[in-house]
Amino acid sequence: MTAAPDLEPLRGRPGVIRLHGHRGARGLMPENTLPGFAFALACGVEILECDVLFSREGTPVVTHNPRLSPDMTRDAEGGWVAAPGPLVRALSLEELRRFDAGGLRSGSAYAARWPDQAFLSGVPVPCLDELAALLARPGHGRVWLNLEIKSSPLHPEHGPPPPEQVAAVLAVLDDYGLAGRTLVQSFDWRVLAELRRQRPSIPRSFLSELSGEGATPEANIHDGSPWMAGLSLAAHGGSLPALVAAAGGQAWSPHFGDLTAEDLARARALGLIVNVWTVNRPQDIDRMIALGVDGIITDFPGRVQHRLKAQGMSWR
Ligand code: MG
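A brief look at the structure comes next. For every chain, the first residue of the written sequence is number 1, and numbering continues from 1 along that sequence. pLDDT decides what is reported in this predicted model: residues at 70 or higher carry local features, side-chain atom pairs at 80 or more are listed and counted, and totals for whole chains, interfaces and linings draw on all residues regardless. With hydrogens and water stripped out, all remaining heavy atoms of the structure feed into the side-chain values.

Time to look at the overall build of the chain. Numbering goes from the N terminus for both helices and strands, where a helix is a DSSP run of H or I of at least four residues and a strand is a run of E of at least two. Across its full length, the chain holds 10 helices and nine strands. Here the radius of gyration uses the C-alpha set of atoms, whereas the globule reference equals 2.2 Å times the residue count to the power 0.38. Taking 2.2 N^0.38 as the reference for a compact globule, 316 residues should give roughly 20 Å; the C-alpha atoms of the chain span a radius of gyration of 19 Å, in line with that estimate. Taken along its principal axes, the extent of the C-alpha atoms in the chain is 55 × 45 × 45 Å. When a residue's accessible area, from a 1.4 Å probe over protein chains only, is under 20% of the maximum for its type it is buried; when over 50% it is exposed; and in between it is partly exposed. Classification of the 316 residues of the chain by burial places 56% in the buried group.

Structure representation (structure tokens):
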């Protein structure tokens, strides 16, 4: 049995709020790519958020969408992939590696969302192995991975069953000695339950998005939700922090718009680490700093750094 790691590097304290680089630093560099992660590290980010899906062989790969997006993927000849894009799970590692994930398609809605993102070429979708190797290098020993497993109970065809997903991720973490500095998060709480069974020492973060007006179709918190691994909010007095604590979570990761001061206080009283996603506008960053969350997940690490420094605070 592995000893549970010290979670202090993930906890805020007076004057410190932790900075998680979302998909590396999506606002400025291609998301979920090695150059993007290296850039975030160069900025002094000490927690890298990444998304994990699986190739046909079951190898964990670092990418967000179940299908390679036509707005951010070129084929081996440099042409943009046709909609709807190939299913990652249907591609062998060798096939996947032929695509270029280094830039956004000008004119697309997605490119319009990220006008400052650098355009690179010759940048493949990385295997989790490669990201792990980067973090295992000397000089990065303080850096944590906030590894999101992109499993969906609504789409079993997007990946192997949760036990295989967890086992494949653990094998990589063990190969690179990263089990002591990885937080695993997921909207699919079945994955977190499975991780607890296979390796209880690795901390688990329960991602949540409340259903309701303005929520995305992926909002996972509602009665009878297949995302919640059979857990019920009603059984815990409607309190998400109470539910996460009862499920054995060390961390709770709500959408920043869902977080109330009351829930934050409740989570703290239960010993939970609270990391909010994805906070990019300066006024929202300021509001999260004022609330006093543990961690801010952002596409713009520099913005969070400046907002913290302006208040005499730091991210480490
Ligand atoms: Mg993610």
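Now that the structure has been shown, the text picks up again.
Bringing the coordination of the magnesium ion into the picture now. With water omitted from the atoms examined, metal sites may look incomplete; donors here are N, O and S atoms no farther than 2.8 Å from the metal, or 3.2 Å in the case of Na, K and Ca. Distances from the magnesium ion to its protein donors, E49 (OE), D51 (OD) and E148 (OE), fall within 2.0 to 2.1 Å. Spacing between the donor residues of the magnesium ion along their common chain follows E-x1-D-x96-E. With a gap of 99 residues between them, E49 in strand 2 (residues 47-54) and E148 in strand 4 (residues 144-149) connect regions that are remote in the sequence. Accessibility assignment for this pair places E49 and E148 in one class, buried.

This part covers helix 6 (residues 189-198). Along helix 6, the residues that are buried comprise W189, V191, L192, E194 and L195. Buried residues belonging to helix 6 abut strand 4, helix 5 (162-175), strand 5 (182-186), strand 6 (204-208) and helix 7 (240-246). Only heavy atoms enter the contact rule, under which two residues are in contact if any of them lie within 4.5 Å.

What follows covers the nonpolar core. Buried Ala, Val, Leu, Ile, Met, Phe, Trp, Tyr and Cys residues form a nonpolar core when they are joined through side-chain atoms within 4.5 Å. In terms of nonpolar packing, the biggest core is built from 60 residues, with L48, L145, L147, W189 and I296 touching the most fellow members. A total of six residues in this core trace back to one element, the largest contributor, which is helix 5. Those residues within four positions of L48 in sequence are excluded, and the remaining contacts are G21, F37, A40, L41, L131, L135, V143, W144, L145 and N146.

So, about the pairing of strand 8 (residues 273-276). Residues of strand 8 alternate between two faces, with I273 and N275 on one and V274 and V276 on the opposite face, all of them buried. Only strands joined by at least two bridges in the DSSP assignment are considered to pair. Note: strand 7 (residues 251-254) against strand 8, two bridges, orientation parallel. What sits directly across from A251, in strand 8, is I273. What joins strand 7 to strand 8 is helix 8 (residues 261-269), and the crossover it makes is right-handed. Here strand 8 pairs with strand 9 (residues 295-298) via two bridges, running parallel. When the strands point away from the viewer, a crossover counts as right-handed if the route from the first strand across the helix to the second turns clockwise.

When the sulfur atoms of two cysteines come within 2.5 Å, that pair is taken as a disulfide. A full pass over the atoms with the stated rule returns zero disulfides. Looking at the unpaired C43, the closest cysteine sulfur is the one in C50, lying at 17 Å. On the basis of relative accessibility, which here comes to 26%, the residue C43 falls in the partly exposed class. Between C50, a cysteine without a disulfide, and C127, which holds the nearest cysteine sulfur, the sulfur-to-sulfur distance is 12 Å. On the basis of relative accessibility, which here comes to 0%, the residue C50 falls in the buried class.

A word on the packing of aromatic side chains. Working definition: a ring pair exists when centres of Phe, Tyr or Trp rings (six-membered ring for Trp) sit within 6.5 Å. Plane angles under 30 degrees give stacked, over 60 give edge-to-face, the rest tilted. Evaluated as defined, the whole model comprises four aromatic pairs. Taken together, a centroid distance of 5.0 Å and an interplanar angle of 75 degrees make the contact between W189 and F206 edge-to-face. A residue pair is termed long-range when its members are at least 10 positions apart, and W189 in helix 6 and F206 in strand 6 qualify at 17 residues. Each member of the pair W189 and F206 is classed as buried. For a Lys NZ or an Arg CZ to count as sitting over a ring, it must be within 6 Å of the ring centre and within 35 degrees of the ring normal. Over the aromatic face of F300 sits the side chain of R303, whose NZ or CZ is 3.7 Å from the ring centroid.

Between helix 5 and helix 6, whose axes approach to 9 Å, the crossing angle comes to 55 degrees. As summarised for this structure, helix 5 and helix 6 are arranged oblique, according to the angle between their axes. Taken as a pair, helix 5 and helix 6 cross one another with a handedness that is right-handed. Contacts between helix 5 and helix 6 pair P162, P163, Q165, V166, A167 and L170 from the former with R190, V191, E194, L195 and Q198 from the latter. Taken together, the residues of the contact of helix 5 with helix 6 break down into seven nonpolar, two polar and two charged. Helix axes use the C-alpha atoms of the stretch in contact, all axes being lines fitted to C-alpha atoms, and the angles between their N-to-C directions lie in the range 0 to 180 degrees. Here the angle decides the label: under 35 degrees means roughly parallel, over 145 means roughly antiparallel, 65 to 115 means roughly perpendicular, and every other value means oblique. Less than a right angle of anticlockwise turn of the near helix away from the far helix marks a crossing as left-handed, whereas a clockwise turn marks it as right-handed. Polar here means any residue outside two lists: the nonpolar Ala, Val, Leu, Ile, Met, Phe, Trp, Tyr, Cys and Pro, and the charged Asp, Glu, Lys and Arg; Gly therefore counts as polar.

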